[in-house]
Amino acid sequence: MLSQLLELARPALFALDPERAHTLTIQALEKGLYPRGQQPDDPRLGVTVAGLRFPNPVGIAAGFDKDARVPDAILGMGCGFAEIGTVTPLPQSGNPKPRIFRLIRDRAVINRLGFNNEGHVAALQRLLARKSRGGIVGVNIGANKDATDRPADYVTGLDTFYDVATYFAVNISSPNTPGLRDLQAPAALDELLSRVMAARERQIAGGRPNRPIVVKIAPDIAEEDIAPIVERLVAHKADAIAVSNTTLARNRITDTDGGKEIGGLSGRPLFHRSTAMLARIHLATNKAIPLIGIGGIDSPETAFAKIEAGATLIQLYTGLVYEGGGLIERIKAHLAGAARAKGLSSIAEATGRRAEEWAARPLDG
Ligand SMILES: Cc1cc2nc3c(=O)[nH]c(=O)nc-3n(C[C@H](O)[C@H](O)[C@H](O)COP(=O)(O)O)c2cc1C
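These notes cover the structure that comes with them. Note that the coordinates shown come from a computational prediction; the quantities given were computed from them, not determined experimentally.

**Some remarks on the sheet that holds strand E8 (residues 167–171)**
Pairing in this open sheet of 8 strands is parallel, and the strands run E3-E13-E12-E10-E9-E8-E7-E4 from one edge to the other. Strands with a single pairing partner mark the edges of an open sheet, and in this sheet they are strand E3 (58–60) and strand E4 (82–87). Within the sheet, the average angular offset between the axes of one strand and its neighbour, ignoring direction, is 25°. By the bridge criterion, 4 bridges tie strand E7 (residues 137–141) to E8 in an arrangement that is parallel. Note on E8: the bridge partner recorded for Val-139 is Phe-168. Along the sheet, helix H5 (residues 150–161) makes contact with E4, E7, E8 and strand E9 (213–217), crossing E8 at roughly 165°. Its contacts with the sheet place helix H11 (residues 326–341) against E3 and strand E13 (313–316), and it is angled at close to 160° to E3.

**Structural notes on the packing of helix H8 (residues 271–284) against helix H9 (residues 300–309)**
Each pair of packed helices can be summarised by the angle the axes make with each other and by the distance between the axes. Their axes nearest at 8 Å, the elements H8 and H9 cross at an angle of 25°. By the angle between their axes, H8 is roughly parallel relative to H9. Where H8 approaches H9, its residues Phe-271, Ser-274, Thr-275, Leu-278, Ala-279 and His-282 are matched on the opposing element by Thr-302, Ala-305, Lys-306 and Ala-309. Considered class by class, the residues forming the contact of H8 with H9 number 5 nonpolar, 4 polar and 1 charged.

**Let's talk about the nonpolar core**
Ranked by size, the top nonpolar core spans 101 residues in total, and within it Tyr-154 and Phe-161 carry the most contacts. Here this core gets 7 residues from one element, more than from any other, and that element is H11. Each residue touching Phe-161, except ones within four places of it in the same chain, is listed here: Val-87, His-120, Ala-123, Leu-124, Leu-127, Val-139 and Phe-168. Within the second largest apolar cluster, 5 residues are counted, among which are Leu-103, Ala-108, Ile-253 and Leu-265.

**Regarding the pairing of E9**
For E9, the buried fraction is high: 5 of the 5 residues fall into the buried class. Residues of E9 alternate between two faces, with Ile-213, Val-215 and Ile-217 on one and Val-214 and Lys-216 on the opposite face, all of them buried. Looking at chain direction, E8 and E9 are connected through 4 bridges and run parallel. In the strand pairing of E9, Asn-171 is matched with Lys-216. Taking the sense of rotation as the criterion, the β-α-β connection linking E8, helix H6 (residues 186–205) and E9 turns out right-handed. The sheet contact formed by E9 and strand E10 (residues 240–243) spans 4 bridges and is parallel. The residue of E10 that forms the bridge with Val-215 is Ile-241.

Cut-offs applied
- Residues numbered from 1 in each chain as written.
- Predicted model: local features only at pLDDT ≥ 70, side-chain atom pairs only at ≥ 80, totals over all residues.
- Heavy atoms only, no water.
- Pairing = 2+ DSSP bridges.
- Helix = DSSP H or I, 4+ residues; strand = E, 2+ residues; numbered from the N terminus.
- Axes fitted to C-alpha atoms, helices over the stretch in contact; angles between N-to-C directions.
- Contact = heavy atoms within 4.5 Å.
- Parallel < 35°, antiparallel > 145°, perpendicular 65-115°, else oblique.
- Nonpolar A, V, L, I, M, F, W, Y, C, P; charged D, E, K, R; others polar.
- Core = buried A, V, L, I, M, F, W, Y, C linked by side-chain atoms within 4.5 Å.
- Buried < 20%, exposed > 50% of the residue type's maximum accessible area, 1.4 Å probe, protein only.
- Right-handed = clockwise from strand over helix to strand, strands pointing away.

No statement about biological role is implied by the geometric values presented.
Structural data, given as structure tokens:
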């Protein structure tokens with residue numbers, strides 16, 4: 001009943017400015033107005049990544065809950081994990097509005113938010129208040145736009161949230177903070193990861209548990225730069241790699257006017273490139289580092305394709321804008337059915353089964 005009501009509300013949301021619609025969605029979730037997910041999950045959906053047991057591999061991607069307002073609603077909708085952020089040490093208002101655009105025909109979104117968020121203190125207070133509820137809640141950390149020492153902002157993020165984050169996602173791939181993606185260059189990555197990993201070592205030496213560190217990368221990395229970047233991620237023992245953030249490319253869109261907006265493109269047109277990149281990284285790491293597959297998942301079939309291309313966990317955002325929250329349960333039902341039909345005891349056994357095929361496809365194809 002509730003989910004039917006929310007389905008009815010979607011056309012109304014589409015009549016609104018996208019950012020306003022998003023604010024209303026978050027407010028509805030804060031009030032508990034969302035379709036409840038199936039509990040418990042089919043055991044075939046359980047996956048273990050970096051020592052964490054995920055009840056199912058489906059999550060909502062960063063940027064949906066920037067200020068940690070609704071992690072429990074995300075879990076309650078049936079997600080196996082939630083990820084809040086990106087959070088920066090100081091509050092930031094981001095770029096001038098409007099700064100989110102729907103490309104409806106293409107089932108895509110362009111955003112140039114620029115890390116608008118209320119800062120560490122506000123998110124920390126919310127996460128402390130819900131800490132006893134458990135569940136896997138990752139914190140996606142970033143740097144303030146005018147930080148003079150960007151790696152220091154990531155270290156502050158790790159130290160600030162260490163007691164409330166189940167894992168960290170180090171976001172060096174937003175296209176909307178000028179220069180942020182330069183942190184993906186091998187030398188910059190070395191410095192950043194040395195400092196972030198050292199901060200984690202200090203936490204562990206102080207008696208805290210190990211918290212996995214995921215590095216989230218852009219889909220716009222050139223073919224020849226993939227291997228050196230992966231080499232640095234392996235060398236620094238990143239626990240997982242999230243592939244990918246939004247793209248600056250404008251391939252596969254028909255709304256060429258909408259496509260002129262500056263910012264990161266997400267949704268269906270991103271699916272091919274982010275999946276081809278995911279498969280390349282899966283093979284480049286010798287299948288040794290678990291991957292979070294993100295980009296253009298908007299159906300049960302695209303979710304399963306991400307897993308077969310190399311993902312152990314998956315996240316989506318734009319697909320939810322167009323399909324609604326019911327998509328999460330539809331994906332889970334499909335994954336459980338596929339595992340059953342193929343005789344797999346866990347969906348993780350499907351990871352990378354078609355990586356070679358995906359990696360052979362051109363990135364821009
Ligand atoms: C409105 C919007 C805001 C986003 N904000 C963030 C963010 O703060 N941090 C981040 O790592 N990714 C952010 N993303 C990127 C998503 O997490 C995801 O990587 C990307 O949208 C591709 O997935 P999708 O095609 O399923 O949307 C944002 C995406 C959108 C559409």
